[in-house]
Amino acid sequence: MDILLAGYGFYVLGNKKLQGGTILPSLLNWSSLSHTNIINLTCIVRDDESLLKAKKRFNDFFKKYLSNTNFKFLIKKYDELNQDFKFNCGIIAIPEKSHLSCIEFMSKVTKDIICVKPLTENKKQFNKVMKIAKKQNINIFIDFHKRFDESNIEFIYQASLNSNKNGFFTFSYGQKEEMPLEYFSKWSKSSNPFQYLAPHYLDIIFLILKKKGVNCKNLKIEGYANVLRFRNDPEIISMIACNLKLFDAENCYLLNSMCNWMEPIMSPFSSRQRIEFQTESTHLISEQDNRGQMIINDEIIKIPNPHFMTRDLDCCSSGYGIKSFCNFLDYISNRFPKNRLATIDDYEPIVNVIDYVNNLIN
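Below is a summary of the structure that appears in this document. (Residues numbered from 1 in each chain as written. Predicted model: local features only at pLDDT ≥ 70, side-chain atom pairs only at ≥ 80, totals over all residues. Heavy atoms only, no water.)

**Examining the overall build of the protein chain**
Move 1: Of regular secondary structure, the protein chain possesses 10 helices and 15 strands.
Move 2: Seen through its principal axes, the protein chain has C-alpha atoms that stretch 55 × 55 × 40 Å.
Move 3: Split into buried and exposed, the 362 residues of the protein chain put 56% on the buried side.
Move 4: For the protein chain, the exposed surface amounts to about 16,700 Å²; the carbon and sulfur share of it is 49%.
Move 5: Within the protein chain, the 39 negative side-chain charges are centred at a point lying 4 Å from the centre of the 46 positive side-chain charges. (Helix = DSSP H or I, 4+ residues; strand = E, 2+ residues; numbered from the N terminus. Buried < 20%, exposed > 50% of the residue type's maximum accessible area, 1.4 Å probe, protein only. Areas by Shrake-Rupley, 256 points an atom, 1.4 Å probe, with all protein chains shown as cover. Lys, Arg positive; Asp, Glu negative; His and termini not counted. Charge placed at Lys NZ, Arg CZ, Asp CG, Glu CD.)

Dropping the structure here:
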């Protein structure tokens, strides 16, 4: 499989010690599952400085982890890529401010693209991406790996069974301050924790409402939001708390959320994650802080997600979200149904909420 990748940062390769990350651990895992899962990966960068940084990170990663012959890679600048060659798929893992231009570029060399969230910065950019997808006749998917987490699969199923046309969703999603201040420092000032973290749980909420027969694209939105900022760097929003109402003539759902980038550095959780759904007769909870496994030794405490792990001697939750990319590659190989992946159509109600909240805080 010939894959075109944009990105070489934390989500692709992990931190400075090459711990964590999702995309490369996922690709390595998929290629190891079968001798027919052969990957030829091409990473694209924009300039010579990025080329040198990417080469070092990729070379160090493969020295540490690559143990099979099913995987080959190379790095090219955008203007060096032969656009006559067609890739089986593309993966976009760069800041959202560059997604539109990257999708436009990739749409000329592949028909299937998966993009990390948020898909775009705003609804205006989203509409442009929709036009590109229709004009080029391509499929654009979003890496919403939470819809493949076992606890969330059950949560979605049980919530969908409830016949009430109203209810109360609550979710919280927090990451340590090292994420915006260190690993995502290049773009965290132009984004915020709601725009970056909330889409995962908004995807789950709209999946549930869709299964209930609600036309999610036509829901009206009302509510308010409050923000906090880092004292030492007030340009970066550290927390956004929202109270929203999603409604139409027949349905009314309340949504309370808290997304932050200021969890204590000594927290044993890589990130704090929880969603609830409550009606008069039902209260469902998917708690994902403690995910069923603890690893403790003289140096570390880790509580990784056992469903999204690769074999990692550092006891790190490397490969969190691995099912999202493995399912996508299986779809490319005609082994996974398209309708179970998160499509660009699924994203429209999400970008409506993001735009609404961003307008409130700006």
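**Remarks on the sheet that holds strand β10 (residues 252-263)**
Move 1: Spatial strand order, β8-β9-β10-β7-β11-β12: six strands in an open sheet with mixed pairing. One side of each edge strand has no neighbouring strand; the edge strands of this open sheet are β8 (220-229) and β12 (283-287). Across the sheet, the axes of successive neighbouring strands diverge by a mean angle of 10°, strand direction being ignored.
Move 2: Against the sheet, helix α8 (residues 193-211) engages β7 (166-176), β9 (237-247), β10 and β11 (271-278), with an angle of about 150° to β7.
Move 3: Helix-sheet contacts for helix α10 (residues 344-361) involve β8 and β9, and the interaxial angle to β8 is about 50°. (Pairing = 2+ DSSP bridges. Axes fitted to C-alpha atoms, helices over the stretch in contact; angles between N-to-C directions. Contact = heavy atoms within 4.5 Å.)

**Side note on the state of the cysteines**
Move 1: By the definition in use, this model includes zero disulfides.
Move 2: This cysteine, Cys259, is not joined by any disulfide, and Cys242 carries the nearest cysteine sulfur, 7.1 Å off.
Move 3: Cys259 gets classed as buried once you look at its relative accessible area, which sits at 0%.
Move 4: Of all cysteine sulfurs in the structure, the one in Cys89 sits closest to Cys326, which takes part in no disulfide; the separation is 12 Å. (Disulfide = S-S within 2.5 Å.)

**What to know about the pattern of salt bridges**
Move 1: Tallied over the entire structure, the rule returns 13 salt bridges.
Move 2: In this structure, Asp203 engages Arg147 in a salt bridge whose closest nitrogen and oxygen atoms are separated by 2.8 Å. Here the residue Asp203 occupies a position in helix α8, and Arg147 occupies one in the loop between β6 (139-142) and α6 (150-161), the gap between them amounting to 56 residues. A single burial state applies to Asp203 and to Arg147, both of which are buried. (Salt bridge = Lys/Arg side-chain N within 4 Å of Asp/Glu carboxyl O.)

**Concerning the packing of aromatic side chains**
Move 1: Taken as a whole and judged by the stated rule, the model has 25 aromatic pairs.
Move 2: Measuring from ring centre to ring centre gives 5.9 Å for Phe10 and Phe184, while their planes differ by 90°; the resulting arrangement is edge-to-face. Of this pair, Phe10 sits in helix α1 (residues 10-13) while Phe184 sits in the loop between α7 (178-183) and α8, placing them 174 residues apart in sequence.
Move 3: Here the aromatic rings of Phe58 and Phe62 are separated by 6.3 Å at their centres, their planes lie at 25°, and the arrangement is stacked. Remark: Phe62 and Phe58 occur in helix α3 (residues 48-65); sequence separation between them is four residues, near one turn of the helix.
Move 4: Against the face of Tyr196 rests Lys117, its NZ or CZ located 3.3 Å from the ring centre. (Phe/Tyr/Trp six-rings, centres within 6.5 Å; stacked < 30°, edge-to-face > 60°. Lys NZ or Arg CZ within 6 Å of the ring centre and 35° of its normal.)

**Re the packing of helix α4 (residues 99-106) against helix α5 (residues 123-136)**
Move 1: Where α4 contacts α5, the two axes come as close as 10 Å, and the packing angle between them is 5°. When the axis of α4 is compared with that of α5, the two are roughly parallel. Contacts between α4 and α5 involve Leu100, Ile103 and Glu104 on the former and, on the latter, Gln125, Lys128, Val129 and Ile132.
Move 2: When grouped by side-chain class, the residues that make up the contact of α4 with α5 number four nonpolar, one polar and two charged. (Parallel < 35°, antiparallel > 145°, perpendicular 65-115°, else oblique. Nonpolar A, V, L, I, M, F, W, Y, C, P; charged D, E, K, R; others polar.)

**Considerations on the nonpolar core**
Move 1: Core analysis: the largest hydrophobic core is formed by 74 residues, its most contacted members being Phe171 and Phe194.
Move 2: Counting residues per element, this core draws most heavily on α8, at 12 residues.
Move 3: Ignoring anything within four residues of it in the chain, the contact list for Phe194 reads Phe171, Pro199, Leu202, Ile240, Cys242, Ser257, Cys259, Val353, Ile354 and Val357.
Move 4: Leu5, Phe58, Phe61 and Phe325 belong to the second-largest nonpolar core, a separate cluster that totals 40 residues. (Core = buried A, V, L, I, M, F, W, Y, C linked by side-chain atoms within 4.5 Å.)

**Side note on the sheet that holds strand β5 (residues 112-115)**
Move 1: If you walk across this open sheet you meet the seven strands as β3-β2-β1-β4-β5-β6-β15, and the pairing is mixed. Strands at the two margins of the open sheet, each flanked by one partner only, are β3 (71-77) and β15 (342-343).
Move 2: In terms of strand pairing, strand β1 (residues 2-6) meets strand β4 (residues 89-92) through four bridges, oriented parallel. Within the sheet, the bridge partner assigned to Leu4 lies in β4 and is Gly90.
Move 3: Across the sheet, helix α9 (residues 322-332) is in contact with β1, β2 (39-45), β4, β5 and β6; its angle to β5 comes to roughly 175°.

**As for the environment of Ser31**
Move 1: Examined against the element boundaries, Ser31 turns out to sit in helix α2 (residues 23-33).
Move 2: A relative accessible area of 1% means that Ser31 is categorised as buried.
Move 3: Separated by 213 residues in sequence, Ser31 and Leu244 have C-alpha atoms that sit 43 Å apart.

**Considering α6**
Move 1: Given a rise of 1.5 Å per residue, 12 residues ought to cover 16 Å, and the 17 Å separating the end C-alpha atoms of α6 matches this to within 8%.
Move 2: Buried within α6 we find Asn152, Phe155, Ile156, Ala159 and Ser160. Viewed end-on, α6 has its buried residues packed into an arc of 125°, placing them on one side of the element.
Move 3: Here the buried face of α6 lies against α8, β11 and β12.
Move 4: A side-chain oxygen of the first residue of α6 lies 3.1 Å from the backbone nitrogen of Ser151; this N-cap is Asp149. (Expected span 1.5 Å × (residues − 1). Arc of directions from axis to C-beta. Polar contact = N/O pair within 3.5 Å; in protein donor to acceptor, adjacent residues only side chain to side chain.)

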